[in-house]
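So the chains spell out like this:
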Amino acid sequence: VKDSGKNDCLLYSEAWDNSSLERLTLQHELKGAIQRGEFVLHYQPQYHLGTGKIVGVEALVRWQHPERGLVPPGFFIPQAEESGMIMQIGDWVLEEACRQNKAWQEDGLRHIPVSVNLSIRQFLQQNLTDKVANILARTGLKAEFLDLEITETMTMDVKHASRCLLDLTKLGVNISIDDFGTGYSSFHYLKNLPIGRLKIDRSFVRDIQQDPGDAAIVAAIIAMAHNLNLQVIAEGVENEVQMQFLQKHMCDEMQGYLWSPPVSGGKIAELLQARQQ
Ligand code: C2E
Ligand code: CA
Ligand code: CA
Ligand code: CA
């Protein structure tokens, strides 16, 4: 299993199938991973489409497994959510992302927000705002440099969502709606909740060139976002044609393999440095 390379993905997807025994094994291993601190964050830059500047980074968790190598979140986040362990992992992610962002700032790099993905369980906990406030205080990061990504589904409980999001935005944190267009389809919440940004799901971006329906959806999301005074970012941008389409339709920001995959914190510092001159 030491052999690391292209086959890594196969190894763990086979090792952890959906049988209940494998799920128990994974759950047990996850518990150990939390105790041993085996998680790491990678960061994917978000670029301004007009200037090409890095205007933010998204923190994406990975599990540095002693034998299996770097395990992507798709293999353990669903199980962590199911078992509740996402709470501990999520707390760590939030604190680590804030700590790292503050460290970049102290190294003299240009100040940019870091985006952190919240799971539904984290979003539903009673003391989320206090937790976020405490983490900001502990790390010394200003709230304006933290962006929280939630999904449309999390806004379904409108009462909870509006109270929670109002509290968070009062702190000064920005809220983005992740995977926009794939979830709950009522637009009611868009005008009533304090949301700052929509992230167009990559499934729409992927087929912009071949599928006129997807192209129309992307154009419509951008126009709607702007009419509601929201920022809009496209995710999963992989080629020039997609980028040109987004530019033509005045999308604000993009994130995707075309300009950078998720990379280590050290690499982000290099990228920010290179773009500072
Ligand atoms: P997401 O939030 O939609 O994150 C974007 C995913 O798309 C990332 O996968 C990223 O590596 C990938 N991606 C970025 N650019 C491209 C591109 O151009 N093409 C393609 N095909 N993919 C691209 P990753 O890192 O494997 O994360 C998968 C999902 O795991 C995330 O989807 C998010 O839902 C979840 N996740 C990751 N980190 C966390 C976390 O700290 N907490 C929680 N609750 N969920 C997380
Ligand atoms: Ca995300
Ligand atoms: Ca997304
Ligand atoms: Ca997604």
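Values in this document were obtained by computation on a predicted structure and should not be read as measured data. (Residues numbered from 1 in each chain as written. Chains lettered and ligands numbered in written order. Predicted model: local features only at pLDDT ≥ 70, side-chain atom pairs only at ≥ 80, totals over all residues. Heavy atoms only, no water.)

**Student:** Talk me through the overall build of the chain; I want residue IDs and the actual numbers.
**Tutor:** Helix and strand counts for the chain come out as 12 helices and 9 strands. Across its three principal directions, the C-alpha atoms of the chain cover 50 × 40 × 40 Å. Out of the 277 residues in the chain, the part that is buried amounts to 48%. For the chain, the accessible area works out to roughly 13,500 Å², and carbon and sulfur atoms hold 52% of it. For the chain, the distance from the average position of its 26 positive side-chain charges to the average position of its 35 negative side-chain charges is 4 Å. (Helix = DSSP H or I, 4+ residues; strand = E, 2+ residues; numbered from the N terminus. Buried < 20%, exposed > 50% of the residue type's maximum accessible area, 1.4 Å probe, protein only. Areas by Shrake-Rupley, 256 points an atom, 1.4 Å probe, with all protein chains shown as cover. Lys, Arg positive; Asp, Glu negative; His and termini not counted. Charge placed at Lys NZ, Arg CZ, Asp CG, Glu CD.)

**Student:** Hey, could you go over the site of ligand 1 for me, with residue numbers and the actual values?
**Tutor:** In the vicinity of ligand 1, 19 residues are found, and the nearest of them are Q44, R62, R202, E238 and Y257. Between Q44 and ligand 1, the recorded distance is 3.0 Å, taken from a side-chain N or O atom to a nitrogen atom. One of the backbone N or O atoms of V61 is found 3.2 Å from a nitrogen atom in ligand 1. In the complex, the protein chains occlude 82% of the 810 Å² of accessible area that ligand 1 would expose alone. At the level of secondary structure, the elements contributing two or more residues to the shell around ligand 1 comprise β2 (54-65) and β6 (174-180). Here the shell around ligand 1 takes 4 residues from β2, the largest share from any one element. Broken down by class, the residue content of the shell around ligand 1 amounts to 7 nonpolar, 5 polar and 7 charged. (Near = heavy atom within 4 Å. Polar contact = N/O pair within 3.5 Å; in protein donor to acceptor, adjacent residues only side chain to side chain. Nonpolar A, V, L, I, M, F, W, Y, C, P; charged D, E, K, R; others polar.)

**Student:** Summarise the environment of Q247; cite the residues concerned and give the values.
**Tutor:** Within the element layout of this structure, Q247 appears in helix α11 (residues 240-248). For the pair Q247 and G50, spaced 197 residues apart in sequence, the C-alpha separation works out to 7.5 Å.

**Student:** Any chance you could break down the coordination of the calcium ion (ligand 4) for me, citing the residues and the numbers?
**Tutor:** At the metal site, the calcium ion (ligand 4) is ligated by D179 (OD) and D179 (OD), and these contacts range over 2.9 to 3.2 Å. Within the fold, D179 resides in strand β6. (Donors = N, O, S within 2.8 Å, 3.2 Å for Na, K, Ca; no water.)

**Student:** I'd like a description of the packing of helix α6 (residues 128-139) against helix α7 (residues 158-171), backed by residues and values.
**Tutor:** Relative to each other, α6 and α7 sit at 20°, their axes nearing to 9 Å. Accordingly, the angle class assigned to the pair α6 and α7 is roughly parallel. Considering how the two elements wind past one another, α6 and α7 form a crossing that is right-handed. Contact residues: α6 offers L128, T129, V132 and A133, while α7 offers C164, D167, L168 and L171. A per-class count over the contact of α6 with α7 returns 6 nonpolar, 1 polar and 1 charged. (Axes fitted to C-alpha atoms, helices over the stretch in contact; angles between N-to-C directions. Parallel < 35°, antiparallel > 145°, perpendicular 65-115°, else oblique. Left-handed = near helix turned anticlockwise from the far one by under 90°. Contact = heavy atoms within 4.5 Å.)

**Student:** I'd like a rundown of the packing of helix α4 (residues 86-106) against α6, residues and numbers included.
**Tutor:** Two quantities define a packed helix pair, namely the angle between the axes and the distance from one axis to the other. Where α4 meets α6, the closest approach of the two axes is 9 Å, and the angle between their N-to-C directions is 35°. In this structure, α4 meets α6 at a crossing whose hand is right-handed. Residues D91, L94, E95, C98, R99 and K102 of α4 lie in contact with α6, whose contacting residues are K131, V132, I135, L136, R138 and T139. Considering only residue class, the contact of α4 with α6 consists of 5 nonpolar, 1 polar and 6 charged.

**Student:** Lay out the environment of R121 with the relevant residues and their values.
**Tutor:** Mapped onto the elements, R121 comes out in helix α5 (residues 120-124). Judged by its relative accessible area of 37%, R121 falls in the partly exposed class. The sequence separation of R121 and G84 amounts to 37 residues, and the corresponding C-alpha distance is 7.6 Å. A polar contact of 2.7 Å, which involves the side chain of R121, links it to the backbone oxygen of E81.

**Student:** Let's hear about the packing of aromatic side chains: which residues, and what values?
**Tutor:** Tallied over the entire structure, the rule returns 6 aromatic pairs. Taking 6.1 Å as the distance between ring centres and 40° as the angle between the ring planes, the aromatic pair formed by F39 and W63 counts as tilted. Of this pair, F39 sits in strand β1 (residues 39-48) while W63 sits in strand β2; the two residues are 24 residues apart in sequence, bridging distant segments of the chain. Note on F39: relative accessible area 7%, which makes it buried. (Phe/Tyr/Trp six-rings, centres within 6.5 Å; stacked < 30°, edge-to-face > 60°.)

Treat this as a map of the structure, not an account of what it does.
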